[in-house]
Amino acid sequence: MNKIMEKLQAFLPVEAYDQVSEDEYGIFDILESATDEIIGSYSLNEKGELISYSLVDDASEGELRKEELTAIAKKFVDTFFPGQQEYEFSGILDLDNPYMVTYEKRDEKYGLFIHSTGFTITISTSGQIMSFYSTDEEYEIQYSDVVVSEEEALEKYIEGLDFELNIQKFDHEVYKNGDNNYHLSYSVIEQIMEIPVDGSEFPSIKEEYPTDLTIEKRECSVKDVFELVGLTTDYTLLHKQVLDGKRVEVWSKQVSLDSYSFDMEEESNHVIKLCFGEKDGFLLQVKNGEEHDNSGEDIGLENAQERAMGLLFKLYPDAHERFRLEIFETENDEFDDVFADEEEAIELEEDLNEAEMFEEEFDDWDEEYIEVEETYTFYVHLFHQGLRVVNHVTVIEVGRYTGKITHFNLDVPSLELYSNLPTKPIISVDDAKEIYKRHLKMERMFIREYDEDGMSVYSLAYVADFPNTVGHVRAIDATSGEAMYVDVGDATFIK
């Protein structure tokens, strides 16, 4: 057993040995001695130092505290890099079993950590080291005079802040202080990511929500939803299942078909699956898995939109008041374009050859693979009295050639959950900015970019930090003024 394996053995869950991998160059497989099964792998750099290590299977959960996990991670680092002082413990982040522990290099001039340098260790809450990775790449630090103060950076950041008045559920799984109820809210729209300390132009982004198109009122001439999804007398109801208040029906032209799933999220070939509310019979989902060769005359975007709106108005006669429409257009895959030069044509030919090889391998692997119809996709955003109801988007896909509703996923919560909310804010936008500002602190840190050669280049900038709320403030309650902050888990970062 070599020295690396001797050291690794102390951190492995079973007795093991290593051998050169047959599949990957420069990789050593770790095999369990009793079974000869591969349980992990590791790799070394030119100096013979460990640069990566990982286990295949997940470790069981435990109850070790962060301090205990940090000590185990330190023991691992000390084992493979005894006496090293180049990298310091910089943070531990809860990833819901495992935790991620980082060791990074600290800059001598400013005393700040240079992120993404050093060691990254993932460790389960039972104390099992799951993976290790050492970053040893070339980088450059661009030092400059600090001409922007923390106070100036704060004002610039606040100036670039915007808010969207909407209705949203303060889900406790998202917001640490959420109550799982709907509220009139200001969603934070950040336009500045960081502010360089040298006063140079700072990068900005414009967070914009999709342009929501109003929907014209129309009468629905369709008798039932079965017509819209293309169910005719040629189809047979193979089976139906009632579970958790929903009724799922499976229809097909192939009467003898017996390989399908009632799970609406799973693909099932040659069938159309419909999901209804058990009590009210309201259509909730459609999943079409029929085969189609994508030939014929394209019905066009306008006709596809009419089909989608036909379904929407069948379900909601007041759809023009409830929803706004976003159209997602994709072009058909065509290979008769005019190429800019011969080299591009050659590259495409190579890609096609690779794709054909992959398709042959895929066909050998799964004889049940079928081609389904290309679609036009429509996103239907829920609104209430002119305000967007956040995170509720219904998806409708229409077949390009058949005009069938091939995919439908309704996302409309009960109106009772938000209909009684006020739609006029008590807190103004200026008030919301001040509330946000009270929780904000601008921290100096190194920002990494890449030069034209792909080398990491670090420079000093101010970034937003929220020391009192653990996570970033992402919303302000428009009636109470409470700052809502996202849950980033159990995290500790050294500064």
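Engineer: Explain the overall build of the protein here, please?
Structural biologist: From N to C terminus, the protein includes eight helices and 26 strands. With the principal axes as the frame, the protein shows a C-alpha extent of 80 × 65 × 55 Å. Accessible surface computed for the protein: about 28,500 Å², of which carbon and sulfur atoms make up 46%. Across the protein, the 40 positively charged side chains and the 115 negatively charged ones have centroids separated by 11 Å.

Engineer: Sorry, what's going on with the side chain of Thr 122 here?
Structural biologist: In this fold, Thr 122 is placed in strand β7 (residues 113-123). The buried category is assigned to Thr 122, whose relative accessible area is 13%. Within the structure, Thr 122 has its side chain in polar contact with the side chain of Ser 131 (distance 2.4 Å). In this view, Thr 122 contacts Pro 98, Tyr 99, Met 100, Gln 128, Ile 129, Met 130 and Ser 131; residues no more than four positions away in its chain are not counted.

Engineer: For this particular structure, what's the right way to read the packing of aromatic side chains?
Structural biologist: Think of a pair of aromatic rings as described by two things: how far the centres are apart, and how the planes are tilted against each other in angle. One pass over the full model with this rule turns up 24 aromatic pairs. Between Phe 119 and Phe 132, the ring centres sit 5.5 Å apart and the planes meet at 40 degrees, which makes this aromatic pair tilted. One end of the pair, Phe 119, is in strand β7; the other, Phe 132, is in strand β8 (residues 129-135), and 13 residues separate them in sequence. In this pair, the class of Phe 119 matches that of Phe 132, namely buried.

Engineer: Just checking my understanding: could you explain the pattern of salt bridges for this structure?
Structural biologist: Pairing is possible between side chains of opposite charge, provided their charged atoms come close. Across all of its chains, the model carries 16 salt bridges by this definition. Salt-bridge contacts for Glu 290 lead to Lys 404; the nearest nitrogen and oxygen are separated by 3.0 Å. A residue pair is termed long-range when its members are at least 10 positions apart, and Glu 290 in the loop between β17 (283-288) and α5 (301-315) and Lys 404 in the loop between β20 (387-399) and β21 (405-409) qualify at 114 residues. By the burial criterion, Glu 290 is buried, and Lys 404 matches it. A salt bridge links Arg 322 to Asp 318; the shortest N-O distance between them is 3.3 Å. Among the charged side chains, a network of salt bridges with common partners joins Arg 65, Glu 67 and Glu 68.

Engineer: Sorry if this is basic, but what is going on with the sheet that holds strand β26 (residues 491-493) here?
Structural biologist: In any sheet, the strands associate via hydrogen bonds between backbone groups, in a parallel or an antiparallel arrangement. Spatial strand order, β1-β2-β3-β4-β8-β7-β6-β5-β26: nine strands in an open sheet with antiparallel pairing. Taken across any chain shown, the strands that pair with only one partner, and hence form the sheet edges, are β1 (16-20) and β26. Within this sheet the neighbouring strands show an average axis-to-axis angle of 25 degrees, counted without direction. Bridge analysis of strand β5 (residues 87-94) against β26 gives three bridges, and the strand direction is antiparallel.

Engineer: Help me understand the confidence of the model for the protein in this model?
Structural biologist: Any region with low pLDDT has predicted coordinates that should not be read closely. Predicted confidence across the protein gives a mean pLDDT of 88, with 90% of residues reaching 70 or more. Here residues 361-367 is a poorly scored stretch, pLDDT under 50, and it has two contacts once near neighbours within four places are set aside; other chains count.

Engineer: Could you clarify how one ought to interpret the nonpolar core in this entry?
Structural biologist: If you look at the biggest cluster of nonpolar residues, it comprises 82 residues, and the most contacted ones within it are Tyr 157, Leu 274, Leu 283, Phe 323, Phe 408, Tyr 436 and Leu 440. Looking at which element gives the most residues to this core, the answer is α5, with seven residues. Setting aside residues up to four positions removed in sequence, Phe 323 forms contacts with Ile 215, Leu 312, Tyr 316, Val 380, His 381, Leu 382, Phe 383 and Val 412. Formed by 30 residues, the second largest nonpolar core is a distinct cluster that contains Ala 16, Phe 81, Ile 129 and Phe 132.

About the thresholds
- Residues numbered from 1 in each chain as written.
- Predicted model: local features only at pLDDT ≥ 70, side-chain atom pairs only at ≥ 80, totals over all residues.
- Heavy atoms only, no water.
- Helix = DSSP H or I, 4+ residues; strand = E, 2+ residues; numbered from the N terminus.
- Areas by Shrake-Rupley, 256 points an atom, 1.4 Å probe, with all protein chains shown as cover.
- Lys, Arg positive; Asp, Glu negative; His and termini not counted.
- Charge placed at Lys NZ, Arg CZ, Asp CG, Glu CD.
- Buried < 20%, exposed > 50% of the residue type's maximum accessible area, 1.4 Å probe, protein only.
- Polar contact = N/O pair within 3.5 Å; in protein donor to acceptor, adjacent residues only side chain to side chain.
- Contact = heavy atoms within 4.5 Å.
- Phe/Tyr/Trp six-rings, centres within 6.5 Å; stacked < 30°, edge-to-face > 60°.
- Salt bridge = Lys/Arg side-chain N within 4 Å of Asp/Glu carboxyl O.
- Pairing = 2+ DSSP bridges.
- Axes fitted to C-alpha atoms, helices over the stretch in contact; angles between N-to-C directions.
- pLDDT = per-residue confidence, 0-100.
- Core = buried A, V, L, I, M, F, W, Y, C linked by side-chain atoms within 4.5 Å.

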